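Fold and geometry: a report
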Number of protein chains: 2
Amino acid sequence: MSAVAVLAGGVGAARFLDGLVQVVAPQDVTAIVNVGDDMEWAGLHIAPDLDTVMYTLSGLVNPEMGWGVANDGRRVLDRLKSLGGPAWFTIGDDDLATHLYRTQRLREGAPLSTITAELCERVGIECRVTPVTDDRLRTVVQTPEGELAFQDYFVRRRAADPVHALRFDGAEAARPAPGLIEAVEQAEAIVIAPSNPFLSIDPLLAVPGVREAVTASDAPVVAISPIIGGAAVKGPAAEILDSLGHDVSALGVARLYDGLADVFILDEQDADLVGQIEAETSLRCTATQTLMSGPAEKRALAQAALAEASA
Amino acid sequence: MSAVAVLAGGVGAARFLDGLVQVVAPQDVTAIVNVGDDMEWAGLHIAPDLDTVMYTLSGLVNPEMGWGVANDGRRVLDRLKSLGGPAWFTIGDDDLATHLYRTQRLREGAPLSTITAELCERVGIECRVTPVTDDRLRTVVQTPEGELAFQDYFVRRRAADPVHALRFDGAEAARPAPGLIEAVEQAEAIVIAPSNPFLSIDPLLAVPGVREAVTASDAPVVAISPIIGGAAVKGPAAEILDSLGHDVSALGVARLYDGLADVFILDEQDADLVGQIEAETSLRCTATQTLMSGPAEKRALAQAALAEASA
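All of these numbers come straight from a predicted model, not from anything done at the bench.

The helix and strand tally for chain A stands at 13 helices and 14 strands. Buried positions account for 55% of the 311 residues belonging to chain A. For chain A, contacts bridging at least 24 residues in sequence account for 66% of all contacts bridging at least 6.

And the structure:
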């Protein structure tokens, strides 16, 4: 196995990638990362999923949270609070430097993909991490309270609103980041990381050309369920599955990936769903340990995904 | 003496104001502050003169530098440097919170004058501090190397370029901040602080209506020389006087304020220039201690300015 392309959201994807680069050469891995969660905060461009992937792969990440920088400072945010400023979005001092760097370079006219490569190089990441697009793409959440910007829904309102629908503002006009389609075309395996299908994977597929490249590829497409035992490891995937009328289970996720993926990996806790998924969908389905509680589990899941791709 | 309006730049003006609010009721003081030095830095709106005035009047200021926050952290800037980011402009961690607050509020549509009032209230400032305008006004420095944005000239290139001319981009279309003209009209004394005439005072006067209001006022206009013994206390005023062909002395400054001010205060070191200034200009001229090395000197200079205004 050499080239692997990974469709990636935040924490789950980052952990999967962290295992993957232990079992294949990092240079052969391309992480295609969601930017639908990106936001402007006090004039700064914040890219939560890119940051989570970058902090995780560089070892900087706060291991308890799965995002942010370990042992980060709170001086700036505390001072901002004391000034009456916007403090609902948690940003540490080291983390802030990333946003300042990114924003400065964007102002200089650099594309987000270039800036991401620069940051990754600085923190010693050897695999390729790219935003799905350099263009503006924003996830908008439709709720009974009206449309909410993603971070408003997710952080400020704590993902408490029922989700009627999602739309990806700007997606239609967005172009895939440079080299991204080629990376998918050249991949010998494509992995859909254990990320939120609606909030992380759908925005990637909404960029014209991405879904088509995945579908057209001869390489096996392996999807990993982010739902274990009817609950999401992280984030609001379960609530959104429910809100949108899907089965809140790995089965519900498998149905979403039917026609896109070839193989579906679910957690061993959900092994009883394998038969039903294989009966109901065109997916080959397998159960393994998917909870990535440490380096060994991360590596094992990456190996399992590659084994399924080669099977 | 009640209402006093002060035309203000950065460090020198801030120190003068710090003395003034000790000798008149702060509520009667309006500081009209230069924004020609403002800049965008990594997407943030930085207003150096407003910050210097605010940090000084609130007691937060770094007393050695005369700007920035005392005992401020360097965590974010150090991290930004390690990422290869723009680190030529020194911004401490607490200082950064001010810029984040200001930028967030600007993005929300609040005018700079409102934001400045909010920040001043938060840090306990009782006098009125207002930018000269809520509109965009940027000092551009014309040098042999071409036009330079002010902070490029001043910080990045350390004010080392000869200055051929200055222009105030946006000034013609800028409107005085709300209430500013009324504050000048109602002032019983107008003080031109010991600031750089070209970089701090000229941009204020370049906003249509400001010079006219100062000139039309019946109140005495007292200007304080920022040049002592042929040198500036702070900043490049001496170099710019020289570059532009003016006498590098309090005399050179007095000539610039002839027709605008009624009284000119210079340092006791320059007392020998009083006669020449009074002979050559329409200014009444007086010498006193103008170096504001501590609270007592600040108060004394404020009292001297008010005494001249009442004389």
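The α-helix winds at 3.6 residues per turn, so residues separated by three or four positions along the chain end up facing the same way. All names here are of chain B. Buried within helix α5 (residues 112-122) we find Leu-112, Ser-113, Ile-115, Thr-116, Leu-119 and Cys-120. The arc that holds every buried residue of α5, seen down its axis, measures 160 degrees, which confines them to one face. In this fold, the buried residues of α5 make contact with α2 (48-58), α4 (93-107) and β5 (128-131). Immediately downstream of α5, the backbone of Gly-124 shows phi near 80 degrees, a positive value.

Each partner contributes to the interface: chain B provides 25 residues, whereas chain A provides 25 residues. At the level of elements, α3 (75-82), α4 and α5 of chain B are the ones that each hand at least two residues to the side of chain B that touches chain A. No other element matches the ten residues that α4 of chain B contributes to the side of chain B that touches chain A.

Now for the pairing of strand β9 (residues 189-192) of chain B. Residue and element names in this part refer to chain B. Neither face of β9 is left uncovered, since the one carrying Ala-189 and Val-191 and the one carrying Ile-190 and Ile-192 both have all their residues buried. The pairing of strand β1 (residues 4-8) with β9 spans four bridges and is classified as parallel. Across the sheet, the residue bridging to Ala-5 is Ile-190, located in β9. Across three bridges, β9 lies against strand β10 (residues 221-224) in parallel orientation. Among the inter-strand pairings, Ile-190 is bridged to a residue of β10, identified as Val-221.

Looking now at the packing of helix α1 (residues 11-23) of chain A against helix α2 (residues 48-58) of chain A. Residues and elements named next belong to chain A. Contact geometry for α1 and α2: axes closest at 9 Å, N-to-C directions at 35 degrees. Note on packing geometry: the crossing formed by α1 with α2 is right-handed. Contacts between α1 and α2 involve Val-11, Ala-13, Ala-14, Arg-15, Leu-17, Asp-18 and Val-21 from the first element and Thr-52, Val-53, Thr-56 and Leu-57 from the second. Residue composition of the contact of α1 with α2, grouped by class: seven nonpolar, two polar and two charged.

For chain A, the average pLDDT comes to 96, and 100% of its residues sit at 70 or higher. Here the predicted complex carries an ipTM of 0.91, next to a pTM of 0.94.

As a further point, take the packing of α1 of chain A against helix α13 (residues 295-310) of chain A. All names here are of chain A. Remark: α1 packs on α13, axes separated minimally by 7 Å, with the N-to-C direction vectors making an angle of 75 degrees. Classified by the interaxial angle, the pair formed by α1 and α13 is roughly perpendicular. Residues Arg-15, Phe-16, Asp-18, Gly-19, Leu-20, Gln-22 and Val-23 of α1 form the contact with α13, whose own contacting residues are Lys-298, Arg-299, Leu-301, Ala-302, Gln-303 and Leu-306. Considering only residue class, the contact of α1 with α13 consists of six nonpolar, three polar and four charged.

All names here are of chain B. Residue Ala-42 is not a glycine yet carries a positive backbone phi of 50 degrees. One can find Ala-42 in the loop between β3 (39-41) and β4 (44-46). For Ala-42, a count of 27 C-beta atoms within 10 Å corresponds to the buried category. In this structure, Ala-159 is a non-glycine residue whose phi angle is positive, near 55 degrees. Locating Ala-159 in the fold gives a position in the loop between α6 (150-156) and β8 (165-169).

The next subject is the pairing of β1 of chain B. Residues and elements named next belong to chain B. Judged by how many residues are buried, β1 sits mostly within the fold: five of five residues are covered. The side-chain alternation of β1 yields two buried faces, one formed by Val-4, Val-6 and Ala-8 and the other by Ala-5 and Leu-7. Sheet topology places β1 next to strand β2 (residues 29-33); five bridges connect them, and they run parallel. Bridge pairing in β2 links Val-4 to Val-29. Crossover connection from β1 via helix α1 (residues 11-23) to parallel β2: handedness right-handed.

Superposition record for chain B on chain A: RMSD 0.0 Å, screw rotation 180 degrees, translation along axis 0.0 Å. The relationship between the two copies is best expressed as a two-fold rotation axis. The position closest to the rotation axis in chain B is occupied by the C-alpha of Gly-43 of chain B, lying 2.7 Å away. Comparing interface residues between copies, 100% of those in chain B also sit at the interface in chain A, which points to an isologous, same-surface contact.

The subject of this paragraph is the sheet that holds strand β9 (residues 189-192) of chain A. All names here are of chain A. Pairing within the open sheet is parallel, and its seven strands lie in the order β5-β2-β1-β9-β10-β13-β14. Across the chains shown, the open sheet's two edge strands, defined by having one partner strand only, are β5 (128-131) and β14 (284-288). The sheet shows a mean angle of 20 degrees between the axes of neighbouring strands, taken without regard to direction. When strand β13 (residues 263-267) meets β14, the two strands line up parallel, connected through five bridges. Its bridge partner being in β14, Asp-267 is matched across the sheet by Thr-288.

Reading the values: rules and limits
Residues numbered from 1 in each chain as written. Chains lettered and ligands numbered in written order. Predicted model: local features only at pLDDT ≥ 70, side-chain atom pairs only at ≥ 80, totals over all residues. Helix = DSSP H or I, 4+ residues; strand = E, 2+ residues; numbered from the N terminus. Buried ≥ 20, exposed ≤ 12 C-beta atoms within 10 Å, placed from the backbone. Contact = placed C-beta atoms within 7 Å. Arc of directions from axis to C-beta. Pairing = 2+ DSSP bridges. Axes fitted to C-alpha atoms, helices over the stretch in contact; angles between N-to-C directions. Left-handed = near helix turned anticlockwise from the far one by under 90°. Nonpolar A, V, L, I, M, F, W, Y, C, P; charged D, E, K, R; others polar. pLDDT = per-residue confidence, 0-100. Parallel < 35°, antiparallel > 145°, perpendicular 65-115°, else oblique. Right-handed = clockwise from strand over helix to strand, strands pointing away. Least-squares fit on C-alpha atoms with pLDDT ≥ 70 in both.

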